[in-house]
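# Chains, contacts and geometry: an overview
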Amino acid sequence: MRLNYPVVFPLNQISFVGEDDSQYFCHLYGRRFNVLSQTYPLPADDEEVRRSELHHRILQFLFGGKNYVGPMKEVLTPREGKERCRILDLGTGGGFWAIDLADEFPTAEVIGVDLAPIQPREVPENCTFELCDLDQFFLPYPSEHFDVIHARFMHTGISNYPRFLNEIARMLRPGGLVILIEPDAEPIADGKTATELTRSGQPSGMRGWFALWEAYAQCLHDKRIDAKVPAQLSTLLTNTRAFDKIVTQEGNIPIGFWPKDPVALTIGQLAWMNYDIMLPALKPLFLSAGMKEWEAKKLIEEAQQDLYYPLVRPSARLHIVHAIKKVT
């Protein structure tokens, strides 16, 4: 049963200092979760805020110190008759991207949206955060209102991603920029995906690691979340018929300490820290799916064994797409 909360709630209208914010959270199997969505599978606690920061740092290294891909500065150039540009960050998490963009573009208005109030309270004046379940038929923002819309690491909270992209197309102004970044759920060992290893009959060298991500993908399927969305971002954007200049990139993310290149090694260390936090965070999802306590514990511990003592070189793949909304 979904709780009857406001569709959108501006966090700047309430102070949480010294107040009880428990109405925005519930607890499940020892972890804290948001109450707005039963779709998003991961907690909303301090550990997840830490993971949100790790994602932010990984992408900064991947993007050569920048916070974005695409013609951000050109799109945010002030236009005649418009007071300020607007940026919408969907699934803002800890709010790190939104805050950095507000600092970089002080004349722009930046709005970060998430399922739980886990963002800092002291932020730049041009940055605000709001609560909203983004898995809706109609999002509570005006049409053609934003110059930039950014969404990353959040497709697992969306049951109908094509509908979500249609809403992004509606809210984005003609000539506006959309940036989508999502991780592939399929594990990679020594440069080969689980599918490729299965076809060739080769062992993965990370049986526990691969078993965990197979179980994770099944849980997403059971929650009616399409685990194939990340690999299909470009096609899904094309299908909206609202965008052109669609640019697709892949980010190969090493996991652990095996890279020789200094930048790749730093990314690998950050990714390792991310998964070290994420593995135990999956336990409530597994238990909610009907897995027994000992089964979930064994699954996670065997994946941790492969993470801590890898026999091969694990990695992950990010799908990165940016596009411009058509001007008609």
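This text gives an overview of the structure that appears in the document.

Calculation rules
- Numbering of residues starts from 1 in each chain and follows the order in which that chain's sequence is written.
- Totals for whole chains, interfaces and linings use every residue, but because this is a predicted model, local features are given only for residues with pLDDT of at least 70 and side-chain atom pairs only at 80 or more, for both listing and counting.
- Note that the side-chain values use all heavy atoms of the structure and ignore hydrogens as well as water.
- Under the DSSP-based scheme used, a helix requires at least four consecutive residues in state H or I and a strand at least two consecutive residues in state E, with every element numbered from the N terminus.
- Restricting the calculation to C-alpha atoms gives the radius of gyration, and the globule rule supplies 2.2 Å times the number of residues raised to the power 0.38.
- With a 1.4 Å probe rolled over the protein chains alone, any residue whose accessible area is under 20% of its type maximum counts as buried; one over 50% counts as exposed, and the rest are partly exposed.
- Only heavy atoms enter the contact rule, under which two residues are in contact if any of them lie within 4.5 Å.
- Per-residue accessibility takes into account occlusion by the displayed protein chains alone, with areas from the Shrake-Rupley method and a 1.4 Å probe.
- The charge count includes Lys and Arg as positive and Asp and Glu as negative, but it does not include His or the ends of the chains.
- In plain terms, the charge of a residue is placed at NZ if it is Lys, CZ if Arg, CG if Asp and CD if Glu.
- Here the expected length of a helix is defined as 1.5 Å per residue gap, with one fewer gap than residues.
- Think of a polar contact as two N or O atoms within 3.5 Å of one another; within protein, one of them needs to be a possible hydrogen donor and the other a possible acceptor, and neighboring residues in sequence only count if both atoms come from side chains.
- One side-chain nitrogen of Lys or Arg within 4 Å of one carboxyl oxygen of Asp or Glu is enough to make a salt bridge.
- Buriedness of a pocket was judged along seven lines, with at least five required to meet protein on both sides within 12 Å; pockets are open sets of points on a 1 Å grid over the protein atoms alone, cavities are sets where a 1.4 Å probe fits but cannot get out, and lining residues have an atom within 4 Å of a point.
- Grid points are joined across faces, edges and corners, and a volume is the space filled by probe spheres set on the points.
- Residues are grouped as follows: Ala, Val, Leu, Ile, Met, Phe, Trp, Tyr, Cys and Pro are nonpolar; Asp, Glu, Lys and Arg are charged; every other residue, Gly included, is polar.
- A pair of aromatic rings is counted whenever rings of Phe, Tyr or Trp (Trp by its six-membered ring) have centres within 6.5 Å, and the orientation is called stacked for planes under 30 degrees apart, edge-to-face for over 60 and tilted otherwise.

Looking only at helices and strands, the protein features 10 helices and 12 strands. Taken over C-alpha atoms, the radius of gyration comes to 20 Å for the protein, in line with the 20 Å a tight globule of 328 residues would show. Dimensions of the protein, computed from C-alpha atoms along their principal axes, come out at roughly 60 × 45 × 35 Å. For the protein, the residues scored as buried account for 53% of the 328 residues in total. Within the protein, contacts between residues separated by at least 24 positions form 73% of all contacts whose residues are at least 6 apart in sequence. Approximately 15,700 Å² of the protein is accessible, and the part contributed by carbon and sulfur atoms is 52%. Computed over 34 positive and 42 negative side-chain charges, the inter-centroid distance for the protein is 5 Å.

With 20 residues, helix 8 (residues 262-281) ought to run about 28 Å at 1.5 Å a step, and its terminal C-alpha atoms sit 29 Å apart, in line with that. For helix 8, the complete set of buried residues consists of Ile267, Gly268, Leu270, Ala271, Trp272, Asn274, Tyr275, Ile277, Met278, Leu279 and Ala281. Two or three places before Val263, at the start of helix 8, stands the capping residue Asp261, its side-chain oxygen 3.1 Å from that residue's backbone nitrogen.

Considering all chains together, one arrives at 14 salt bridges under this definition. Linking Asp147 and Arg173 is a salt bridge whose minimum nitrogen-to-oxygen distance equals 2.4 Å. Within this pair, whereas Asp147 is found in strand 7 (residues 146-152), its partner Arg173 is found in strand 8 (residues 172-183), the two being separated by 26 residues in sequence. Given a relative accessible area of 10%, Arg173 falls into the buried group. Several salt bridges converge on common partners, so that one network encompasses Arg50, Glu53 and Arg57.

Its boundaries defined by the atoms lining it, the largest pocket holds a volume of some 490 Å³. If you trace the largest pocket, you find 18 residues lining it, with Glu186, Thr195, Trp213, Glu214 and Ala217 closest to the centre. At the level of elements, helix 5 (194-200) and helix 6 (207-222) are the ones that each hand at least two residues to the lining of the largest pocket. No other element matches the six residues that helix 6 contributes to the lining of the largest pocket. Looking at side-chain class alone, the lining of the largest pocket contains 10 nonpolar, three polar and five charged residues. As a volume, the second largest pocket reaches approximately 260 Å³. Taken together, 13 residues form the lining of the second largest pocket, with Leu28, Phe33, Ser37, Gln38 and Tyr40 sitting closest to its centre. When contributions to the lining of the second largest pocket are tallied by element, the ones reaching two or more residues are strand 2 (25-28), strand 3 (31-34) and helix 9 (283-288). Residue contributions to the lining of the second largest pocket peak at three residues, all from helix 9. Counted by class, the lining of the second largest pocket contains eight nonpolar, four polar and one charged residues.

Another aspect to go through is the packing of aromatic side chains. For the structure on display, the rule yields nine aromatic pairs. Look at Tyr68 and Phe105: their rings are 6.2 Å apart centre to centre, the planes differ by 45 degrees, and that puts the pair in the tilted class. Of this pair, Tyr68 sits in the loop between helix 1 (46-62) and helix 2 (72-75) while Phe105 sits in the loop between helix 3 (96-104) and strand 5 (109-114), and the two are 37 residues apart along the sequence. Residue Tyr68 is classed as buried on the basis of its relative accessible area, which comes to 5%. Under the relative-accessibility criterion, Phe105 is labelled buried at 12%. Relative to Phe146, the ring of Tyr141 has its centre 5.8 Å away and its plane inclined at 70 degrees; by these criteria the two rings are edge-to-face.

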